[in-house]
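Below are the chains, spelled out letter by letter.
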Amino acid sequence: MNFELKTLSLASSAKTSTDTLIVLISEQFEAGKDPLSVLISKATQAKDFSNKTGKTLQAYGLAGVSAAKIILVGIGEGKPSDVKSGLTGAMATLKAAETSKAAVVFAGSVTSAQLHAAVLAVADSTYVYGTTHSKPKLRKLTQVTLGVQSANGALKEAFTSSVAMVEGIEFAKEWANRPANHATPTMLGKAAQGLAKTAGISCEVLGPKEVAKLGMGSFMSVAKGSAEPLRFIVLKYQGAAKTDAPVVLVGKGITFDTGGISLKPAPEMDEMKFDMGGAASVLGVFKSLSLLKPKLNVVGLIPACENMPDGLAVKPGDVVTSMSGQTIEILNTDAEGRLILCDALTYAERFKPKAVIDIATLTGACVIALGAIRSGMFATEDALADALQKAGNDAMDLCWRLPLDEEYAESLKSNFADVGNVGGRPGGAITAAKFLHRFAQKYPWAHLDIAGTAWKGGGAKGATGRPVGLLLQYLLSQQASAKK
Ligand code: BES
Ligand code: MN
Ligand code: ZN
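Just so it is clear, the model here is predicted, and its values are computed rather than measured.

Undergrad: Any chance you could break down the pairing of strand S6 (residues 143–148) for me, citing the residues and the numbers?
TA: Burial runs high along S6: five of the six residues are buried. Note: strand S5 (residues 101–107) against S6, five bridges, orientation parallel. Bridging across to S6, alanine 103 finds its partner in threonine 145. What joins S5 to S6 is helix H4 (residues 112–126), and the crossover it makes is right-handed.

This is the structure we're talking about:
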């Protein structure tokens, strides 16, 4: 998708050559004498349109307007969420039409947050996955102009980061949407290496031998049942001095989760191809970093493998030794995410990080707790939790903090190893986090459980690209606070 930012008034947008002109109208709108103002006033008087969020009106061939089609969209108070829902509704009417060029114009003043919401909504509602169809599917709308009263410095900056965020989100969607046979650990490794073609990014991909040498016995135990060799991906982005401590992002890269010997039931098992959504979000963030080149250092770690049942697969009751030295009794082979993440968390220590954030489609329990609206967020420090919560709000990629009380670790006790890999059903998202917490003692740490937010099921089945927005916004905010 090609985005462009332009200074456009309602009067000048009437003269812009485009297929469809979308006009966003808030409660503050004051009509002028231009043809679009007249249309808005007349339609409002006739009660065919109002500026309430989500109201739309379509018009064609209006005298004095170059665009063949006009869509008026109400955005109420003009909150970013109003802009998002208004535009998402309007874009749906374009799906059937052969519109390749559109302009989205704010009738009135615009904030950075509103512009950000518009870019994200347009991209999200027109995204198409088409990689594994016999004829590649392509999005119809390819050129979008955003019209604002005055394209000043702050708006330009917001525009640039929003467009880069969209690129990252779409990169994450693409990889998460790919079926498991088109997104193996080896292929994820190649995708990461592809990102390292940009200056400032380097990538190293470790295979089974190197991982064995590191002593990642927990990670290796999950991969044992699969014919696909595991990969441990290390991405580095350097935008600040070498001595600047990095933020480390760790993404769960289970390219398919059958549950292993603790096999999952058949219905909807196909959706477990999305179990590398955390890994995809790390790749997406690096895509955005490659475009924005902010002044900070970031490391991305992705343990990637399949979780399969097999004669060689790890069995319930098996005890494995993690890279940290802690032994783990694997009571349920379907709680595999934490088994690959714990070794990556230990590996992260070598970077002496400012903070480590892991991102994982970790528990069904988190889906029950928070649904598809907010990701679960855990953090060992309030400052980190607050920064993530704020970044989520700003990027419209919400999360909600859950607790890490020591009492929740009680159920992980094992008679045969230092720790078991599952607690009971109560508080399942939290006990999973407490398991990881044991391996994240040497740095400020946060954990995002994106099991409910990384993809949508049902008719609109597909990856959401979350939480690339939250993560990128957080990283950019770290850059801003380092500047002060
Ligand atoms: N990948 C799943 C978590 C998941 C479940 C994500 C449903 C999205 C939707 C994870 O590996 C898993 O299987 N977790 C188990 C843990 C349990 C065995 C303690 C779960 O949540 O059922
Ligand atoms: Mn599982
Ligand atoms: Zn899983």
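Undergrad: Run through the pattern of salt bridges, naming residues and quoting values.
TA: In total, this model carries 17 salt bridges according to the counting rule given. Between lysine 461 and aspartate 270 there is a salt bridge, and its shortest N-O distance comes to 2.7 Å. With lysine 461 in the loop between strand S19 (455–456) and strand S20 (462–463) and aspartate 270 in the loop between strand S10 (253–257) and helix H9 (277–292), this residue pair connects regions lying 191 residues apart in the sequence. Residues glutamate 349 and lysine 442 are paired through a salt bridge, measuring 3.8 Å at the closest nitrogen-oxygen approach. Note that glutamate 349 is positioned in the loop between helix H10 (337–348) and strand S14 (355–360) and lysine 442 in the loop between helix H13 (428–437) and strand S18 (445–449), a separation of 93 residues in sequence.

Undergrad: If you had to explain the coordination of the manganese ion (ligand 2) to someone new, which residues and values would you point to?
TA: Perfect tetrahedral coordination of a metal by four donors corresponds to 109.5 degrees between them, and perfect octahedral coordination by six donors corresponds to 90 or 180 degrees. The protein atoms donating to the manganese ion (ligand 2) are Asp257 (OD), Asp334 (O), Asp334 (OD) and Glu336 (OE), with metal-donor distances spanning 2.1 to 2.2 Å. Given six donor atoms and angles of 71 to 167 degrees at the metal, the environment of the manganese ion (ligand 2) is assigned as irregular. Mapped onto the sequence, the donors of the manganese ion (ligand 2) take the spacing D-x76-D-x1-E. Between the manganese ion (ligand 2) and the zinc ion (ligand 3), a spacing of 3.2 Å is present, and a bridge between the two is formed by aspartate 257. Residue aspartate 257 is found in strand S10, and its partner aspartate 334 is found in the loop between strand S13 (327–329) and H10; the two are separated by 77 residues along the sequence. Taking relative accessible area as the criterion, aspartate 257 reaches 3% and is therefore assigned buried.

Undergrad: Can you explain the sheet that holds strand S12 (residues 319–321)? Please cite residues and give values.
TA: On the basis of which strands lie adjacent, the open sheet formed by three strands has the order S12-S13-S17 and mixed pairing. The open sheet has two free edges, formed respectively by S12 and strand S17 (419–420), since each of these has just one partner strand. Inspection of the sheet shows S12 paired to S13 by three bridges, in the antiparallel sense. Following the sheet pairing, valine 319 is matched in S13 by glutamate 329.

Undergrad: Account for helix H6 (residues 185–195), with residues named and values stated.
TA: Along H6, the positions that sit buried rather than exposed are Pro185, Leu188, Gly189, Ala191, Ala192 and Leu195. Down the axis of H6, the smallest arc covering the buried residues is 160 degrees, so these residues share one side.

Undergrad: Give me the packing of H10 against H13: which residues, what numbers.
TA: Between H10 and H13, whose axes approach to 9 Å, the crossing angle comes to 30 degrees. When you trace H10 past H13, the crossing you get is right-handed. Residues Arg338, Leu339, Leu341, Cys342 and Leu345 of H10 lie in contact with H13, whose contacting residues are Ala432, Phe435 and Leu436. Among the residues making up the contact of H10 with H13, the classes are represented as seven nonpolar, no polar and one charged.

Undergrad: Run through the coordination of the zinc ion (ligand 3), naming residues and quoting values.
TA: Bound to the zinc ion (ligand 3) on the protein side are Lys252 (NZ), Asp257 (OD), Asp275 (OD) and Glu336 (OE), at distances that span 2.0 to 2.4 Å. In this structure, the zinc ion (ligand 3) is coordinated by six donor atoms arranged in octahedral fashion, with angles at the metal of 78 to 175 degrees. Each donor residue of the zinc ion (ligand 3) lies on the same chain, and together they follow the pattern K-x4-D-x17-D-x60-E.

Undergrad: Residue-level account of the packing of helix H3 (residues 80–92) against H4, with values.
TA: For the pair H3 and H4, interaxial distance at closest approach is 8 Å and the crossing angle is 30 degrees. With respect to each other, H3 and H4 are oriented roughly parallel. The way H3 lies across H4 gives a crossing that is right-handed. Here Pro80, Val83, Lys84, Leu87, Thr88 and Met91 of H3 lie close against H4, whose contacting residues are Ala113, Gln114, Ala117, Ala118, Ala121, Val122, Ser125 and Thr126. For the contact of H3 with H4, the residue count by class is nine nonpolar, four polar and one charged.

Undergrad: How would you explain unusual backbone geometry if you had to name every residue and give the values?
TA: For the peptide bond that leads from arginine 466 to proline 467, omega is 0 degrees, which places it in the cis range. Tracing the chain through its elements places proline 467 in the loop between S20 and helix H14 (468–483). Non-glycine residue glutamate 268 carries a positive phi angle of around 65 degrees. Locating glutamate 268 in the fold gives a position in the loop between S10 and H9. The exposure class of glutamate 268 is exposed, given its relative accessible area of 59%. Unlike most non-glycine residues, lysine 352 shows phi in positive territory, near 40 degrees. Mapped onto the secondary structure, lysine 352 falls in the loop between H10 and S14. Taking relative accessible area as the criterion, lysine 352 reaches 67% and is therefore assigned exposed.

Undergrad: With reference to specific residues and values, describe the packing of aromatic side chains.
TA: What the rule picks out here adds up to five aromatic pairs. Look at phenylalanine 232 and tyrosine 347: their rings are 4.9 Å apart centre to centre, the planes differ by 70 degrees, and that puts the pair in the edge-to-face class. Within this pair, whereas phenylalanine 232 is found in strand S8 (residues 231–238), its partner tyrosine 347 is found in helix H10, the two being separated by 115 residues in sequence. Per residue, the accessibility class of phenylalanine 232 equals that of tyrosine 347, and both read buried. Between phenylalanine 435 and phenylalanine 439, the aromatic rings sit 5.2 Å apart at their centres with planes inclined by 40 degrees, giving tilted as the arrangement. By relative accessible area, phenylalanine 435 is classed as buried at 0%. You can call phenylalanine 439 buried: its relative accessible area is 2%. By way of ring pairs, the aromatic residues Phe219, Phe232, Tyr347 and Phe351 are connected into one cluster. Taking the ring centre of tryptophan 175 as reference, the NZ or CZ of arginine 178 above it sits at 4.0 Å. Cation over ring: arginine 350 sits above tyrosine 347, and NZ or CZ is 3.9 Å from the ring centre.

What counts as what
Residues numbered from 1 in each chain as written. Chains lettered and ligands numbered in written order. Predicted model: local features only at pLDDT ≥ 70, side-chain atom pairs only at ≥ 80, totals over all residues. Heavy atoms only, no water. Buried < 20%, exposed > 50% of the residue type's maximum accessible area, 1.4 Å probe, protein only. Helix = DSSP H or I, 4+ residues; strand = E, 2+ residues; numbered from the N terminus. Pairing = 2+ DSSP bridges. Right-handed = clockwise from strand over helix to strand, strands pointing away. Salt bridge = Lys/Arg side-chain N within 4 Å of Asp/Glu carboxyl O. Donors = N, O, S within 2.8 Å, 3.2 Å for Na, K, Ca; no water. Tetrahedral: all angles 85-135°; square planar, octahedral: opposite > 155°, others 65-115°. Arc of directions from axis to C-beta. Axes fitted to C-alpha atoms, helices over the stretch in contact; angles between N-to-C directions. Left-handed = near helix turned anticlockwise from the far one by under 90°. Contact = heavy atoms within 4.5 Å. Nonpolar A, V, L, I, M, F, W, Y, C, P; charged D, E, K, R; others polar. Parallel < 35°, antiparallel > 145°, perpendicular 65-115°, else oblique. Phe/Tyr/Trp six-rings, centres within 6.5 Å; stacked < 30°, edge-to-face > 60°. Lys NZ or Arg CZ within 6 Å of the ring centre and 35° of its normal.

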